[in-house]
Amino acid sequence: MANEEFPLKKVCIICAKGTIEDVYAALVMSNGAVMEGIETKMFFTFFGLDAITKKTMNSLHTGVVGNPAMRMPGGLPFPTLLGIIPGVETGVSAMMRSQMDKLDIPPVKEFLEMIEAGGGEVYACKLAMDMFKLKKEDLWEGVKEVLTVGQFYEKCGGLQTQIIFT
Amino acid sequence: MAQKIIAGITVDVNEEGYFTNPAQWTRELAKEVAKEEGIQLTDTHYAVLEFLRERFAKGENLTIRSVGNSGIIDIKGFYGLFPGAPMKKAAKVAGIPKPASCV
């Protein structure tokens, strides 16, 4: 079977959005790869940079406006108009984070540290950093390097490698 | 159900080699299973194995994070003990089912 003959050897996971669900999709997939012994490289760009910026990384939000999948506790649809009330987004986001903690899903910084401990590598996008006027020292200490797109692609070479855009 | 003879003892395993009956596990068997995985068990290995077995017996999730918080070893050290895929390898050596956790 092709799966056994050519197992996945490397994943390059790109995170371009800064909501809880987008960032955690990238983190869970990356950590899962590291746990399987798959070489893992993460690339954070645009709003995804929030996940590796010291100031924002542990207080990410989820979108409560224009998100048809959002539900109230109990399962009723979450009215978009409710989402525009100040503080609602913060409250919902805090609730989501506490739910995740119960499942042993760590906060962003700890999750990144787990990925790093397993040999995963974390990179930041130079263009987006310039755009948001961020400096390397604004980022989490574990960020290995600030790269251009070309430099990132150089790291993505090799057989049995996949690039995943979350 | 498949069976496998490890160190002269017959144990029940699944097709991937995980014990299907954790009660059949002994420290001696662990040593042999670890050898197959290319690992020489130390006291720290055994402490992690016992920790995982206890957690499994209590029906708790087996996560890398829980090992990191166990006080036995940090996560980096855990990857060092069971190189490659630590959670899967450790579960196999600990004689418990393959972890079904995503974190």
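Colleague: Sorry if this is basic, but what is going on with the overall build of chain A here?
Modeller: Along its length, chain A carries seven helices and five strands. Reading chain A from its N end, one meets helices and strands in the order α-β-α-β-α-α-α-β-α-β-α-β. Against the compact-globule benchmark of 15 Å for 166 residues, chain A has a radius of gyration of 17 Å, which places it among compact chains. Here the C-alpha coordinates of chain A stretch approximately 50 × 45 × 25 Å along the principal axes. For chain A, the proportion of its 166 residues judged to be buried stands at 42%. At a minimum sequence separation of 6, the contacts of chain A that also span at least 24 residues come to 70%. Approximately 8900 Å² of chain A is accessible, and the part contributed by carbon and sulfur atoms is 62%. Between the averaged position of the 16 positive side-chain charges in chain A and that of its 20 negative side-chain charges there is a distance of 5 Å.

Colleague: Help me out: how do you make sense of unusual backbone geometry in this one?
Modeller: Excluding glycine, most residues fall at negative phi; most peptide bonds, likewise, are trans. A positive phi angle, near 55°, is found at Gln160 of chain A, a position not held by glycine. For Gln160 of chain A, the position within the fold is in the loop between α7 (149-155) and β5 (161-165).

Colleague: Just to check I follow, could you spell out the packing of aromatic side chains for this structure?
Modeller: For any pair of aromatic rings, the description consists of the separation of the ring centres together with the inter-plane angle of the planes. The tally for this structure, following the rule as stated, stands at four aromatic pairs over all chains. Relative to Phe152 of chain A, the ring of Phe43 of chain A lies with its centre 4.3 Å away and its plane at 20°, an arrangement referred to as stacked. One end of the pair, Phe43 of chain A, is in strand β2 (residues 39-44); the other, Phe152 of chain A, is in helix α7, with 109 residues separating them in the sequence. Judged by centre distance (5.4 Å) and plane angle (45°), the ring pair of Phe47 of chain A and Phe132 of chain A falls under tilted. Of this pair, Phe47 of chain A sits in the loop between β2 and α3 (80-83) while Phe132 of chain A sits in the loop between α6 (126-131) and β4 (145-147), and the two are 85 residues apart along the sequence. Looking at Arg27 of chain B, its charged tip hangs above the ring of Tyr46 of chain B, at a distance of 3.9 Å from the centre. Between Lys92 of chain B and the ring centre of Tyr18 of chain B, over which it is positioned, the NZ or CZ distance is 5.5 Å.

Colleague: I tried to follow the interface of chain B and chain A on my own but got confused; where do I start?
Modeller: A common way to express how large an interface is: the accessible area buried when the components associate. Tallying the contact residues gives 15 residues for chain B and 17 residues for chain A. For the chain B and chain A pair, buried surface summed over both sides reaches about 1400 Å², with 55% attributable to carbon and sulfur atoms. Taken as a group, Arg65, Tyr79 and Val103 of chain B account for 51% of the area that chain B buries against chain A, more than any other trio of residues on that side. Remark: the boundary between chain B and chain A carries four salt bridges. Between Glu36 of chain A and Lys88 of chain B there is a salt bridge, with its nearest N and O atoms 2.5 Å apart. Where chain B meets chain A, there are five residue pairs in polar contact (both at pLDDT 80 or more).

Colleague: Explain the layout of surface pockets to me, please; I cannot follow it from the model alone.
Modeller: Summary: where empty space remains is shown by rolling a probe the size of a single water molecule over the atoms. Residue and element names in this part refer to chain A. Space inside the largest pocket adds up to approximately 200 Å³. What lines the largest pocket is Met70, Arg71, Met72, Pro73, Phe78, Val92, Met95, Met96 and Gln99. In terms of residue class, the lining of the largest pocket is built from seven nonpolar, one polar and one charged.

Colleague: Help me understand a nonpolar patch on the surface, please; the structure alone is not making it clear to me.
Modeller: A cluster of nonpolar side chains, contributed by Val65, Leu81, Leu82, Ile84 and Ile85 of chain A, occupies part of the molecular surface with about 470 Å² of accessible area. Residue placement: Val65 of chain A occurs in the loop between β2 and α3.

Colleague: Sorry if this is basic, but what is going on with helix α2 (residues 43-57) of chain B here?
Modeller: Counting along an α-helix, one turn takes 3.6 residues, and residues three or four places apart therefore face a common direction. Spanning 15 residues, α2 of chain B covers 21 Å between terminal C-alpha atoms, matching the ideal 21 Å at 1.5 Å per step. Elements in contact with the buried residues of α2 of chain B: α1 (27-36), α3 (64-68), α4 (75-81) and α5 (86-93) of chain B.

Colleague: Is there a simple way to think about the packing of helix α2 (residues 20-35) of chain A against helix α4 (residues 88-102) of chain A in this case?
Modeller: Between two packed helices, what matters for the description is the angle formed by their axes and the separation of those axes. All names here are of chain A. Orientation of α2 relative to α4, taken along the N-to-C sense of each, is 25°, at an axis distance of 12 Å. As the angle between them shows, α2 and α4 are arranged roughly parallel. Side by side, α2 and α4 meet where Ile20, Glu21 and Tyr24 of the first sit next to Ser93, Met96, Arg97 and Met100 of the second. When grouped by side-chain class, the residues that make up the contact of α2 with α4 number four nonpolar, one polar and two charged.

Colleague: Help me understand the sheet that holds strand β3 (residues 121-125) of chain A, please; the structure alone is not making it clear to me.
Modeller: Two pairing modes exist for strands in a sheet, parallel and antiparallel, and in both the strands are linked by backbone hydrogen bonds. All names here are of chain A. Taken in spatial order, the five strands line up as β4-β3-β2-β1-β5 in an open sheet, and their pairing is parallel. Lying at the two open borders of the sheet, with one neighbouring strand each, are β4 and β5. When strand polarity is set aside, the average angle formed by the axes of neighbouring strands in this sheet is 25°. Here α2 sits on the sheet and contacts β1 (10-15), β2 and β5; the angle it forms with β1, its principal contact strand, is near 165°.

Colleague: What should I look at first to understand the domain arrangement of chain A in this one?
Modeller: Residue and element names in this part refer to chain A. Taken domain by domain, chain A comprises domain 1 (10-58 + 107-166) and domain 2 (61-106). Spacing between the C-alpha centres of domain 1 and domain 2 amounts to 24 Å. The partner domain 2 presents 10 residues to the 11 residues of domain 1 that form the contact. Summed over both partners, the interface of domain 1 with domain 2 buries about 750 Å², with 67% contributed by carbon and sulfur atoms.

Colleague: Even after reading the chapter, I still don't get the side chain of Ser66 of chain B, so can you show me in this structure?
Modeller: Within the secondary structure layout, Ser66 of chain B lies in helix α3. Taking relative accessible area as the criterion, Ser66 of chain B reaches 5% and is therefore assigned buried. Within the structure, Ser66 of chain B has its side chain in polar contact with the backbone oxygen of Thr63 of chain B (distance 2.6 Å). Ignoring any residue separated from it by four or fewer positions in sequence, one finds Ser66 of chain B in contact with Asp104 of chain A together with Phe51, Arg55 and Asn61 of chain B.

Cut-offs used in this document
Residues numbered from 1 in each chain as written. Chains lettered and ligands numbered in written order. Predicted model: local features only at pLDDT ≥ 70, side-chain atom pairs only at ≥ 80, totals over all residues. Heavy atoms only, no water. Helix = DSSP H or I, 4+ residues; strand = E, 2+ residues; numbered from the N terminus. Rg over C-alpha atoms; globule rule 2.2 N^0.38 Å. Buried < 20%, exposed > 50% of the residue type's maximum accessible area, 1.4 Å probe, protein only. Contact = heavy atoms within 4.5 Å. Areas by Shrake-Rupley, 256 points an atom, 1.4 Å probe, with all protein chains shown as cover. Lys, Arg positive; Asp, Glu negative; His and termini not counted. Charge placed at Lys NZ, Arg CZ, Asp CG, Glu CD. Phe/Tyr/Trp six-rings, centres within 6.5 Å; stacked < 30°, edge-to-face > 60°. Lys NZ or Arg CZ within 6 Å of the ring centre and 35° of its normal. Buried area = accessible area lost by both parts, 1.4 Å probe. Salt bridge = Lys/Arg side-chain N within 4 Å of Asp/Glu carboxyl O. Polar contact = N/O pair within 3.5 Å; in protein donor to acceptor, adjacent residues only side chain to side chain. 1 Å grid on protein atoms, 1.4 Å probe; cavity = no way out; pocket = protein on both sides within 12 Å on 5 of 7 lines; lining within 4 Å. Points joined across faces, edges and corners; volume = space filled by probe spheres on them. Nonpolar A, V, L, I, M, F, W, Y, C, P; charged D, E, K, R; others polar. Patch = residues over 30% accessible without salt bridge, like charges linked within 9 Å, V, L, I, M, F, W, Y side chains within 5 Å. Expected span 1.5 Å × (residues − 1). Axes fitted to C-alpha atoms, helices over the stretch in contact; angles between N-to-C directions. Parallel < 35°, antiparallel > 145°, perpendicular 65-115°, else oblique. Pairing = 2+ DSSP bridges. Domains from an automatic or database assignment.

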